[in-house]
Amino acid sequence: MPFRTRYTGLIDRYRDRLPVHDDTRIISLGEGNTPLIRLNNIPRIVGKEVDIYVKYEGLNPTGSFKDRGMTMAVTKAVEEGSKAIICASTGNTSAAAAAYAARAGITAFVLIPDGKIAMGKLAQAMMHGSVVIQIKGNFDDGMRLVKEVADQAPVTIVNSINPYRLQGQKTAAFEIVEELGRAPDYHCLPVGNAGNITAHWIGYCEYSSASGDHVTEACTFCKGHCKYAGGAVVGNRPKMIGYQAAGSAPFMRGAMVDDPETVATAIRIGHPQSWDSAWKVKEESGGWFDECTDAEILAAQKLLAEKEGVFCEPASATSLAGALRDIQTGKIPEGSSIVCTLTGHGLKDPDTAIAQSTRPLVNVEAKLDQVKRAILDNM
Ligand SMILES: *Cc1c(COP(=O)(O)O)cnc(C)c1O
């Protein structure tokens, strides 16, 4: 490895494990390399001996993990000569698609559910100059339309059904193993389309095998895009736990949900695109699915912000909400190391944050005595 001080994104960093060539033009905004923060205060509050780390994916360039997949998907779309990309989105995919398309100099079309995406995400899609198409329907309707229109127009789909997305996203698992020196015992993720939980499993499998090989004999996850095939498992792999929002939990119902509803709009998805692979991930890893109510999700979001100084969006807090419950019941035993992925930044959705904040604003005249009073009253 040549000595480098400048971080230039995850494709450069993991080039030998990703489907790129030496002369591929990389479309990057410096994504990846996000902090793995050990929680100091919350384990004390719950009174359990556990090591909980949060992987703060909100610190990617557009504020969510979607950038990991988008750098790969857009790089390959450009390499294949595509002039336009398209996606359906609950918000973060559209923000990432818009930014990486701008970077590449191509057009992004994004289909979003009318009125059901967080304000910050809409601002991003608009600001980066994508064509925003609001549909009177939900994400699942948008996804169906995107698949249909891509058959008839020269546009590349950059939803997670694009296999390059998962290749980019698997690098989060690489970073975690490198930082901890091993895989955690449990890895908890919020689940919408279930692309990310699948991508993490691909990453852990590759990393745990003897020479960076993919361990699954016939890899049904990567659709032929892994650089390596076959090989023995030598390292440990985590149990993968997928948490869904209760109003939007097809993996708990064991069937698709037609009218998903939750405050966690990023995972308001009733027809997950990676349905089969997510079930396989659960089985292979020995993990499970569970659901959290909106109240539990918002409580975990607030706890993290108030007790650890980490601000994530509601959907992201689903991973911690579920983990805390499973730690309390002992389903995740004491002594375990746990990574919770915080998929997106809290600033994406200021409306939900302000609506649930319980500390009232203190209003005073611009006078010393009133400010002093306000301080003494609130010490
Ligand atoms: C996309 C997204 C998810 C869900 O990821 P899937 O791969 O669809 O399961 C969760 N949280 C946030 C913030 C997201 O943007």
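Residues numbered from 1 in each chain as written. Predicted model: local features only at pLDDT ≥ 70, side-chain atom pairs only at ≥ 80, totals over all residues. Heavy atoms only, no water.

**Points about helix α11 (residues 275-285)**
Under the convention used in this document: Note on classification: 1.4 Å probe, protein chains only; a residue is buried when its accessible area is under 20% of the maximum for its type, exposed when over 50%, partly exposed between these limits. Under the scheme used here, helices are H or I runs from DSSP no shorter than 4 residues and strands are E runs no shorter than 2 residues, and both carry numbers assigned from the N terminus. A contact between two residues is defined here by any heavy atoms of the two lying within 4.5 Å.
For α11, the set of buried residues is W275, S277, A278, V281 and S285. For α11, the secondary structure elements touched by its buried residues are α9 (195-208), β8 (239-245), α10 (250-253) and β9 (288-292). Backbone geometry just downstream of α11 places G286 in the positive-phi region, at approximately 75°.

**Some thoughts on the sheet that holds strand β1 (residues 36-38)**
In plain terms, the rule: Only strands that DSSP links by at least two bridges are regarded as paired with each other. Between N-to-C directions, angles span 0 to 180 degrees; the directions come from axes that are lines fitted to C-alpha atoms, helices contributing only their stretch in contact.
One open sheet accounts for six strands, arranged β1-β2-β10-β7-β8-β9; its pairing is mixed. In the strand order of this sheet, the two ends are held by β1 and β9, each with one partner. Sheet twist, expressed as the average angle between the axes of neighbouring strands with direction ignored, equals 25°. With six bridges connecting them, strand β2 (residues 51-56) and strand β10 (residues 337-342) associate as parallel partners. Note that in β10 the partner of Y56 across the bridge is L342. In the packing of helix α8 (residues 171-180) onto the sheet, contacts are made with β1, β2, β7 (186-190) and β10, and the angle to β2 comes to roughly 135°.

**Brief notes about the packing of helix α3 (residues 66-79) against helix α4 (residues 92-104)**
Stated formally: Should an angle fall under 35 degrees it is called roughly parallel, over 145 degrees roughly antiparallel, and 65 to 115 degrees roughly perpendicular, with every other angle called oblique. By definition, any crossing whose near helix is turned counterclockwise from its far helix by less than a right angle is left-handed, and any crossing with a clockwise turn is right-handed.
Two numbers describe how α3 lies on α4: the axes approach to 9 Å, and their chain directions differ by 40°. Judged by the angle between their axes, α3 and α4 are oblique. Crossing angle aside, the handedness with which α3 passes α4 is right-handed. Taken together, the residues of α4 that come into contact with α3 (itself represented by K66, D67, M70, T71, V74 and V78) are N92, T93, A96, A97, Y100 and A104.

**A look at the side chain of S336**
What counts here: Any N or O atom pair separated by 3.5 Å or less is treated as a polar contact, with the protein-specific requirement of one donor-capable and one acceptor-capable atom, and with residues adjacent in sequence counted only for side-chain atom pairs.
Checked against the element boundaries, S336 lands in the loop between α13 (314-329) and β10. Its relative accessible area of 6% is what places S336 among the buried residues. A polar side-chain atom of S336 sits 2.6 Å from the main-chain carbonyl oxygen of P333. With residues up to four places along the chain from it excluded, the contact list for S336 reads E49, V50, D51, D185 and Y186.

**What about the packing of α4 against helix α5 (residues 119-127)?**
When two helices pack together, their arrangement is captured by the angle between the axes and the distance separating the axes. Note the following rule: In the scheme used here, Gly and all other residues not listed as nonpolar or charged are polar, with Ala, Val, Leu, Ile, Met, Phe, Trp, Tyr, Cys and Pro taken as nonpolar and Asp, Glu, Lys and Arg as charged.
Interhelical geometry of α4 versus α5 gives an angle of 25° and a closest axis separation of 8 Å. With respect to α5, the axis of α4 lies roughly parallel. Remark: the crossing between α4 and α5 carries left-handed chirality. Contacts between α4 and α5 involve N92, S94, A95 and A98 on the former and, on the latter, K121, Q124 and A125. In the contact of α4 with α5, the residues fall into three nonpolar, three polar and one charged.

**Concerning a nonpolar patch on the surface**
Put simply, the test is: The residues that make up patches have over 30% relative accessible area and no salt bridge, and they are joined within 9 Å when like-charged or within 5 Å when they are Val, Leu, Ile, Met, Phe, Trp or Tyr. Note that accessible areas follow from Shrake-Rupley with a 1.4 Å probe, and for residues the cover is restricted to the protein chains shown. Take a side-chain nitrogen of Lys or Arg and a carboxyl oxygen of Asp or Glu: if they are within 4 Å of each other, that pair is a salt bridge.
Residues V362, V364, V371, I375, L376 and M379 make up a contiguous nonpolar surface patch of roughly 600 Å² in combined accessible area. V364 gets classed as partly exposed once you look at its relative accessible area, which sits at 40%.

**A look at the site of the ligand**
Quick note on the threshold: Any residue with a heavy atom positioned within 4 Å of a molecule or strand is treated as near that molecule or strand.
Around the ligand, 17 residues are found, and the nearest of them are K66, N92, N193, A194 and T343. In this structure, an oxygen atom belonging to the ligand sits 2.9 Å away from a main-chain N or O atom of G192. In the model, an oxygen atom of the ligand is placed 2.8 Å from a nitrogen or oxygen of the N193 main chain. Taken by itself the ligand offers 380 Å² of open surface, and the protein chains cover 97% of this. Broken down by secondary-structure element, the contributors of at least two residues to the shell around the ligand are α9 and α13.

**Digging into α9**
Spelled out, the test is: A helix is expected to reach a length of 1.5 Å times the quantity of its residues less one.
With 14 residues, α9 should cover 20 Å at 1.5 Å per step; its first-to-last C-alpha distance of 20 Å lies within 8% of that length. Taken across its 14 residues, α9 has 13 buried, putting it largely inside the fold.

**Notes on the sheet that holds strand β3 (residues 84-88)**
Strand order in the open sheet formed by four strands is β5-β4-β3-β6, with parallel pairing between adjacent strands. In this open sheet, the two strands that pair with only one neighbour each are β5 (131-135) and β6 (156-157). With five bridges connecting them, strand β4 (residues 107-113) and β5 associate as parallel partners. Bridging across to β5, L111 finds its partner in I133.

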